[in-house]
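Descriptive structure summary
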Amino acid sequence: MDEKIISGNLKRLRTQKRLTLQDLAEKTGLTKGYLSKVERSQKAPPYSTLTKIAGALDIEVTTILSKDVLPLEDVRICLSRGKNRPVIRETDQFPGYDYEVLADGKPGKNMEPFIIHAPFDITRTYSHEGEEFIYVMDGQLEFCYGEDTYILNPGDNIYFDSIVPHVGKSLGNTKSRLMVVIYFYKRNRS
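What comes next is a walk through the structure. (Residues numbered from 1 in each chain as written. Predicted model: local features only at pLDDT ≥ 70, side-chain atom pairs only at ≥ 80, totals over all residues. Heavy atoms only, no water.)

**Notes on the sheet that holds strand β6 (residues 148-152)**
Applied cut-off: Strand pairing is assigned whenever DSSP identifies at least 2 bridges connecting the two strands. Under the DSSP-based scheme used, a helix requires at least four consecutive residues in state H or I and a strand at least two consecutive residues in state E, with every element numbered from the N terminus. In this analysis an axis means a line fitted to C-alpha atoms, helices contributing only their contacting stretch, and an angle means the value between N-to-C directions, from 0 to 180 degrees.
Strand order in the open sheet formed by three strands is β6-β5-β8, and the pairing between neighbours is antiparallel. Edge positions in the sheet fall to β6 and β8 (166-171), since each has one partner strand and no second. Pairwise comparison of adjacent strand axes, ignoring direction, gives a mean angle of 20° for this sheet. Sheet topology places strand β5 (residues 140-145) next to β8; six bridges connect them, and they run antiparallel. The partner of Cys-144 across the bridge, within β8, is Val-167.

Here it is in structure tokens:
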């Protein structure tokens, strides 16, 4: 995804919430200058920073990554059809990973569900607050969690505290397809 789309979405969502950069800085613990650079596409934020900003804005990371950000609304139930599912292609922040966004129309989620196509090469590890669940749908996944490595096959699943550095990569000839649900403990709700 283009960083300009992400930065534009951040500014649009922040102003929809009637927050100044200073307000957002206080809610996230990030500096006003850093947030300004992010909004002007001068600093690409890592996933952990995007989740922190999303929490402060009371939205999901998928909203920030969406191509078309609509005005925010409260929705109690969300039905998403498979044929209309948005796909977020790999970016500099998420090299190699393609995400199929699930429940994209449901604002205020504590859980972020995705279908992820894992890359063959590991370029970085991830660490963020919350918990994560991974279910291997297709392919074989090498999953590194802290100092440990696990090989997961179709039907295997793993549930873990996501603050520990973790990453997965596909093994074999085809990318593994994973259902991933990320749960955030401390959503900042207004």
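**Examining helix α2 (residues 21-28)**
To keep things clear, this is the line we draw: Any residue under 20% of the maximum accessible area for its type is buried, any over 50% is exposed, and the rest in between are partly exposed; the area is computed with a 1.4 Å probe on protein chains only. The arc in question is traced by the directions running from the helix axis to the C-beta atoms.
Within the sequence span of α2, burial applies to Leu-21, Leu-24, Ala-25 and Thr-28. All buried residues of α2 project into a common sector of 105° when viewed along the axis, lining one side. After α2 finishes, the residue Gly-29 shows a positive phi value of roughly 80°.

**Quick notes on the side chain of Glu-112**
As a reminder of what qualifies: Only heavy atoms enter the contact rule, under which two residues are in contact if any of them lie within 4.5 Å.
Inspection of the secondary structure assignment puts Glu-112 in strand β3 (residues 111-117). Owing to a relative accessible area of 0%, Glu-112 belongs among the buried residues under this scheme. Setting aside residues up to four positions removed in sequence, Glu-112 forms contacts with Glu-60, Val-61, Thr-62, Val-180, Val-181, Ile-182 and Phe-184.

**A few points about the packing of α2 against helix α3 (residues 32-39)**
Our working definition: The scheme is simple: roughly parallel for angles under 35 degrees, roughly antiparallel for over 145, roughly perpendicular for 65 to 115, oblique for anything else. When the near helix sits turned anticlockwise from the far one by under a right angle, the crossing is termed left-handed; a clockwise turn instead gives a right-handed crossing. Three classes are used, and their members are as follows: Ala, Val, Leu, Ile, Met, Phe, Trp, Tyr, Cys and Pro are nonpolar, Asp, Glu, Lys and Arg are charged, and the others, Gly among them, are polar.
Their axes nearest at 9 Å, the elements α2 and α3 cross at an angle of 115°. Classified by the angle between their axes, α2 and α3 sit roughly perpendicular to one another. Classified by chirality, the crossing of α3 by α2 is right-handed. Every residue of α3 that contacts α2 at Leu-21, Gln-22, Leu-24, Ala-25 and Thr-28 is listed here: Lys-32, Leu-35, Ser-36 and Glu-39. For the contact of α2 with α3, a count of residues per class yields four nonpolar, three polar and two charged.

**Remarks on the packing of aromatic side chains**
Basically, it comes down to this: Classification of ring pairs rests on two measures: the distance between centres of Phe, Tyr or Trp rings, Trp counted by its six-membered ring, which must be within 6.5 Å, and the angle between planes, read as stacked under 30 degrees, edge-to-face over 60 and tilted in between.
Under the criterion given, the structure shown has five aromatic pairs. A centroid spacing of 5.1 Å and a plane angle of 70° characterise the contact between Tyr-99 and Phe-114, whose relative ring orientation is edge-to-face. Of the two residues, Tyr-99 sits in strand β2 (residues 98-101) while Phe-114 sits in strand β3, which places them 15 residues apart along the sequence. Tyr-99 gets classed as buried once you look at its relative accessible area, which sits at 11%. Take Phe-114: its relative accessible area is 2%, and that puts it in the buried class. When the ring of Phe-143 is compared with that of Tyr-145, the centres are 6.3 Å apart and the planes differ by 20°; the resulting orientation is stacked. Relative accessible area serves as the criterion here: at 18%, Tyr-145 is assigned to the buried category. Connected via pairs of aromatic rings, a cluster forms that spans Phe-143, Tyr-145 and Phe-160.

**A few points about the pairing of β2**
A regular strand places its side chains on the two faces of the sheet in alternate fashion. Of the two faces of β2, the one lined by Asp-98 and Glu-100 and the one lined by Tyr-99 and Val-101 are each fully buried. In this sheet, β2 lies alongside strand β1 (residues 87-88) in antiparallel orientation, the contact comprising two bridges. Of the residues in β2, the one forming a bridge with Val-87 is Glu-100. Inspection of the sheet shows β2 paired to β3 by four bridges, in the antiparallel sense. Its bridge partner lying in β3, Tyr-99 is registered against Ile-116.

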